[in-house]
Amino acid sequence: MQATTLKGLFLDPSFIIILFVILGTIVNILIGVSILPEDKRKKGFKAHRLTFYFVVLSYVMFLWVSYSPTKNEWFEYIVLVYFLLVIPITRRINITFHAILASLGLILLVGVASFSVL
(Lines give C-alpha, C1' and ligand atoms only; values in the text may rest on other atoms or scores of the structure.)
Protein backbone atom coordinates (compact mmCIF):
# COMPACT_ATOMS: atom_id res chain seq x y z
CA MET A 1 0.00 0.00 0.00
CA GLN A 2 1.33 3.41 -0.96
CA ALA A 3 1.70 6.01 1.80
CA THR A 4 -0.39 9.15 1.28
CA THR A 5 1.03 11.33 4.07
CA LEU A 6 4.50 11.98 5.38
CA LYS A 7 3.50 10.42 8.70
CA GLY A 8 2.31 7.31 6.89
CA LEU A 9 5.56 7.17 4.96
CA PHE A 10 7.74 7.28 8.06
CA LEU A 11 5.58 4.66 9.78
CA ASP A 12 6.07 2.24 6.89
CA PRO A 13 8.78 -0.27 7.94
CA SER A 14 9.92 -0.90 4.37
CA PHE A 15 10.61 2.83 3.89
CA ILE A 16 12.65 2.99 7.10
CA ILE A 17 14.71 0.00 6.01
CA ILE A 18 15.32 1.30 2.47
CA LEU A 19 16.27 4.66 4.00
CA PHE A 20 18.93 2.91 6.10
CA VAL A 21 20.11 1.04 2.99
CA ILE A 22 20.50 4.32 1.09
CA LEU A 23 22.30 5.99 4.01
CA GLY A 24 24.54 2.94 4.43
CA THR A 25 25.43 3.06 0.74
CA ILE A 26 26.32 6.74 1.02
CA VAL A 27 28.53 5.98 4.03
CA ASN A 28 30.14 3.08 2.18
CA ILE A 29 30.91 5.28 -0.83
CA LEU A 30 32.46 7.89 1.46
CA ILE A 31 34.56 5.25 3.21
CA GLY A 32 35.67 3.92 -0.17
CA VAL A 33 36.70 7.37 -1.35
CA SER A 34 38.58 8.00 1.89
CA ILE A 35 40.69 4.83 1.48
CA LEU A 36 41.78 5.60 -2.10
CA PRO A 37 45.36 6.52 -1.11
CA GLU A 38 47.52 3.39 -0.84
CA ASP A 39 48.64 4.07 2.76
CA LYS A 40 45.05 4.11 4.08
CA ARG A 41 43.76 1.16 2.10
CA LYS A 42 44.49 -1.65 4.57
CA LYS A 43 43.06 0.24 7.53
CA GLY A 44 39.78 1.25 5.94
CA PHE A 45 39.12 -1.83 3.83
CA LYS A 46 37.63 -3.76 6.76
CA ALA A 47 35.20 -0.94 7.54
CA HIS A 48 34.35 -0.68 3.83
CA ARG A 49 33.61 -4.41 3.66
CA LEU A 50 31.53 -4.46 6.87
CA THR A 51 29.49 -1.50 5.66
CA PHE A 52 28.88 -3.29 2.37
CA TYR A 53 27.65 -6.37 4.25
CA PHE A 54 25.36 -4.14 6.32
CA VAL A 55 23.93 -2.62 3.14
CA VAL A 56 23.31 -6.00 1.49
CA LEU A 57 21.76 -7.54 4.61
CA SER A 58 19.56 -4.49 5.13
CA TYR A 59 18.43 -4.67 1.51
CA VAL A 60 17.57 -8.36 1.91
CA MET A 61 15.59 -7.43 5.02
CA PHE A 62 13.81 -4.76 2.94
CA LEU A 63 12.91 -7.38 0.33
CA TRP A 64 11.59 -9.68 3.04
CA VAL A 65 9.49 -6.97 4.73
CA SER A 66 8.08 -5.54 1.50
CA TYR A 67 7.32 -8.87 -0.19
CA SER A 68 3.91 -9.10 -1.78
CA PRO A 69 2.78 -12.00 -3.96
CA THR A 70 0.60 -9.69 -6.05
CA LYS A 71 3.38 -7.25 -7.02
CA ASN A 72 5.91 -7.78 -9.74
CA GLU A 73 9.20 -7.10 -7.92
CA TRP A 74 11.72 -8.01 -10.62
CA PHE A 75 13.45 -4.59 -10.48
CA GLU A 76 14.12 -4.96 -6.74
CA TYR A 77 15.75 -8.35 -7.27
CA ILE A 78 17.84 -7.06 -10.17
CA VAL A 79 19.23 -4.40 -7.83
CA LEU A 80 20.10 -7.13 -5.30
CA VAL A 81 21.94 -9.12 -7.98
CA TYR A 82 23.69 -5.91 -9.03
CA PHE A 83 24.94 -5.38 -5.47
CA LEU A 84 25.97 -9.02 -5.05
CA LEU A 85 27.69 -9.55 -8.39
CA VAL A 86 28.58 -6.42 -10.32
CA ILE A 87 29.96 -4.21 -7.57
CA PRO A 88 32.33 -6.82 -5.99
CA ILE A 89 33.60 -7.94 -9.41
CA THR A 90 34.44 -4.40 -10.52
CA ARG A 91 36.62 -3.89 -7.44
CA ARG A 92 39.07 -6.37 -8.92
CA ILE A 93 39.01 -4.70 -12.34
CA ASN A 94 39.47 -1.00 -11.57
CA ILE A 95 38.90 1.03 -8.41
CA THR A 96 37.55 4.08 -10.25
CA PHE A 97 35.13 1.93 -12.23
CA HIS A 98 34.10 0.30 -8.94
CA ALA A 99 33.33 3.72 -7.44
CA ILE A 100 31.28 4.77 -10.47
CA LEU A 101 29.22 1.57 -10.42
CA ALA A 102 28.69 1.86 -6.65
CA SER A 103 27.31 5.36 -7.23
CA LEU A 104 25.04 3.89 -9.91
CA GLY A 105 23.91 1.36 -7.30
CA LEU A 106 22.93 4.27 -5.07
CA ILE A 107 20.81 5.67 -7.90
CA LEU A 108 19.18 2.27 -8.35
CA LEU A 109 18.34 2.18 -4.63
CA VAL A 110 16.69 5.58 -4.88
CA GLY A 111 14.69 4.18 -7.80
CA VAL A 112 13.63 1.19 -5.72
CA ALA A 113 12.54 3.53 -2.91
CA SER A 114 10.65 5.70 -5.38
CA PHE A 115 8.83 2.96 -7.23
CA SER A 116 8.08 0.48 -4.47
CA VAL A 117 7.57 2.54 -1.31
CA LEU A 118 6.51 5.98 -2.43
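Residues numbered from 1 in each chain as written. Predicted model: local features only at pLDDT ≥ 70, side-chain atom pairs only at ≥ 80, totals over all residues. Heavy atoms only, no water.

**Here's the deal with the environment of I31**
So the rule is basically this: Only DSSP runs of H or I with at least four residues qualify as helices, and only runs of E with at least two residues qualify as strands; both kinds are numbered from the N terminus onward. Working definition: with a 1.4 Å probe on protein chains only, accessible area under 20% of the residue-type maximum means buried, over 50% means exposed, and in between means partly exposed. Two residues form a contact once any of their heavy atoms are found within 4.5 Å.
Within the secondary structure, I31 sits in helix α2 (residues 13–34). For I31, a relative accessible area of 19% corresponds to the buried category. Between the alpha carbons of I31 and G8 there is a distance of 33 Å; along the sequence they are 23 residues apart. Here I31 is in contact with G44, A47, H48 and T51, once residues within four sequence places are set aside.

**A short note on the environment of L11**
Its location among the elements puts L11 in helix α1 (residues 6–11). Distance in space between the C-alpha atoms of L11 and L63 is 17 Å, their sequence separation being 52 residues.

**Thoughts on the packing of helix α3 (residues 41–65) against helix α4 (residues 74–93)**
Counted only if it meets this: To obtain an axis, a line is fitted to C-alpha atoms, over the contacting stretch when the element is a helix, and the angle between two such axes runs from 0 to 180 degrees between their N-to-C directions. By the definition adopted for this analysis, an angle is roughly parallel if under 35 degrees, roughly antiparallel if over 145, roughly perpendicular if from 65 to 115, and oblique otherwise. Note: crossing handedness is left-handed where the near helix turns anticlockwise from the far helix by less than a right angle, and right-handed where it turns clockwise. As a working rule, the residues Ala, Val, Leu, Ile, Met, Phe, Trp, Tyr, Cys and Pro are called nonpolar, Asp, Glu, Lys and Arg charged, and the rest polar, with Gly in that last group.
Contact geometry of α3 with α4 gives a least axis separation of 10 Å together with a crossing angle of 165 degrees. In terms of orientation, α3 and α4 fall into the roughly antiparallel class. At the point where α3 passes α4, the crossing takes the left-handed sense. Every residue of α4 that contacts α3 at F45, F52, V55, V56, Y59, V60, F62 and L63 is listed here: E76, Y77, V79, L80, F83, L84, I87, P88 and R91. Looking at the contact of α3 with α4 residue by residue, the classes come out as 15 nonpolar, no polar and 2 charged.

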